[in-house]
Amino acid sequence: MDILAIGEPLLEFSVTDEQSLDAAESFAVGYGGDTSNFLVSASRCGAAAGYVSRIGDDHFGTALLGLWQREGVRTDHVVREPGGRTGIYFISRHAAHSSFTYYRAGSPASRLSPADVPETAIATARALHVSGITQAISASACDAGFHAMKVARRHNTLVSYDPNYRPALWPLDRARAIVARSVELSDVALPNLEEGRALTDLDDPRAILAWFAALGPRTVVLKMGDQGALLWDDGRTSEIPPHSVVPVDSTGAGDAFDGAFVTRLVQGATPADAARYAAVAGALTTQGHGAVHPIPRDAAIRSALEKDPILNH
Ligand SMILES: O=C(O)C(=O)C[C@H](O)[C@H](O)COP(=O)(O)O
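These numbers come from a predicted model, not from an experiment.

1. So, the packing of helix α1 (residues 34-44) against helix α2 (residues 59-71)
Reasoning step 1: Viewed as axis vectors pointing N to C, α1 and α2 meet at an angle of 20 degrees, and their least axial separation amounts to 10 Å. Between α1 and α2, the interaxial angle falls into the category roughly parallel. When the axes of α1 and α2 are compared, the crossing they make is left-handed. In this structure, α1 uses Ser36, Val40, Ser43 and Arg44 to contact α2, whose residues at the interface are Leu67, Trp68 and Glu71.
Reasoning step 2: Split by residue class, the contact of α1 with α2 holds 3 nonpolar, 2 polar and 2 charged.

Here it is in structure tokens:
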């Protein structure tokens, strides 16, 4: 396996009639959960990807297994809990802004624990990806994330980490403490500007980048949506210009960026090349509704990158 991720997948219900959630009459069904989105992106970019998670033996668990099978994401370390109810979330839109409503409390993934961490698989993988959402859903899932990171470090498996701060899932002060410790344990940190501001109380992107870099990872990418990204790598800062598109729904763009970035890194690309490729992957993901459906494949990313006069220099 090239890349493993640990966390919670979700079935996704996206309002299609532009109504608020209390008035909506139709929903498009899709898939979400940041670490599952990450793995689909990694797999579409050409990585051998595998998931560490827990789902129910309900219909939604079966639907997610079908997704991973179609996408070539390995599920050897996905446990199906008898009687478990797989988590779901709803996407509704107010103007251009999407908001998420979760029904995930008590889900099988919230019962992830260090006992679920496949030490041999992590030791032999190229990279392990953990997110703040994995840590926010329960104390035992948080412990599982830390245990997985420590196993990875012991075996020189690259650790990538996305804070994916979700205020609805945990209080800011707890998130700050856990995110800071997790960035210390990571080789690559992948925050976005909005959560960077919330977590650091800083405003300036370069100051936020420096805050993350000071915690010790080798590489930090601050994702800034249509403003592109800032890359800090081994002491040097560079700007990654945006791949310009007209966005429809940004859900999953950050996860698609992460999956594309880590895939290119483990394939041997420089962080700057990986970030340009990932910027295109993230931008293309905003071109359709829902988190997973619009995530692009390697060929589409390369062709858009070749035609981009600024990113392709
Ligand atoms: O919020 C959660 O718990 C989820 O996992 C649902 C979504 O699929 C991701 O949040 C999308 O993440 P972005 O790539 O940052 O848009």
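Moving on from the coordinates now.
2. Points about the pattern of salt bridges
Reasoning step 1: This structure, assessed with the given rule, holds 16 salt bridges.
Reasoning step 2: The closest approach of N and O atoms between Arg111 and Glu81, which form a salt bridge, is 2.6 Å. Placement of Arg111 in the loop between β7 (97-103) and α3 (119-124) and of Glu81 in strand β5 (residues 74-81) is noted, with a sequence separation of 30 residues between them.
Reasoning step 3: Arg111 gets classed as partly exposed once you look at its relative accessible area, which sits at 39%.
Reasoning step 4: Judged by relative accessible area, Glu81 falls into the buried class, the value being 10%.
Reasoning step 5: One salt bridge connects Arg197 with Asp203, and the closest N-O pair in it is separated by 3.0 Å.
Reasoning step 6: Overall, Asp203 belongs to the exposed group, its relative accessible area being 55%.

3. Focus on the site of the ligand
Reasoning step 1: Among the 19 residues in the neighbourhood of the ligand, the closest are listed as Asp34, Tyr102, Arg104, Arg166 and Gly252.
Reasoning step 2: Side-chain polar atom of Tyr102 to an oxygen atom of the ligand: 2.5 Å apart, as the coordinates give it.
Reasoning step 3: Notes on the ligand: free accessible area 400 Å², of which the protein chains cover 94%.
Reasoning step 4: Taken together, the elements giving at least two residues each to the shell around the ligand come down to α1, β7 and α9 (253-266).
Reasoning step 5: Looking at which element gives the most residues to the shell around the ligand, the answer is α9, with 3 residues.
Reasoning step 6: A per-class count over the shell around the ligand returns 7 nonpolar, 8 polar and 4 charged.

4. Some remarks on the packing of α1 against α9
Reasoning step 1: Contact geometry for α1 and α9: axes closest at 7 Å, N-to-C directions at 45 degrees. Considering the angle they form, α1 stands oblique to α9. In the crossing of α1 with α9, the sense of the turn from one axis to the other is right-handed. Contacts from Asp34, Asn37, Phe38, Ser41 and Ala42 of α1 reach α9 at Asp255, Ala256, Asp258, Gly259, Ala260, Val262 and Thr263.
Reasoning step 2: Residue composition of the contact of α1 with α9, grouped by class: 5 nonpolar, 4 polar and 3 charged.

5. Digging into unusual backbone geometry
Reasoning step 1: Despite not being glycine, Asp201 shows a phi value in the positive range, around 65 degrees.
Reasoning step 2: Take Asp201: it is sitting in the loop between α7 (193-200) and α8 (205-213).
Reasoning step 3: The class for Asp201 is exposed, based on a relative accessible area of 63%.
Reasoning step 4: The phi angle at Asp234 is positive, at roughly 50 degrees, despite the residue not being glycine.
Reasoning step 5: Turning to its location among the elements, Asp234 is positioned in the loop between β12 (229-233) and β13 (236-240).

Calculation notes
Residues numbered from 1 in each chain as written. Predicted model: local features only at pLDDT ≥ 70, side-chain atom pairs only at ≥ 80, totals over all residues. Heavy atoms only, no water. Axes fitted to C-alpha atoms, helices over the stretch in contact; angles between N-to-C directions. Helix = DSSP H or I, 4+ residues; strand = E, 2+ residues; numbered from the N terminus. Parallel < 35°, antiparallel > 145°, perpendicular 65-115°, else oblique. Left-handed = near helix turned anticlockwise from the far one by under 90°. Contact = heavy atoms within 4.5 Å. Nonpolar A, V, L, I, M, F, W, Y, C, P; charged D, E, K, R; others polar. Salt bridge = Lys/Arg side-chain N within 4 Å of Asp/Glu carboxyl O. Buried < 20%, exposed > 50% of the residue type's maximum accessible area, 1.4 Å probe, protein only. Near = heavy atom within 4 Å. Polar contact = N/O pair within 3.5 Å; in protein donor to acceptor, adjacent residues only side chain to side chain. Areas by Shrake-Rupley, 256 points an atom, 1.4 Å probe, with all protein chains shown as cover.

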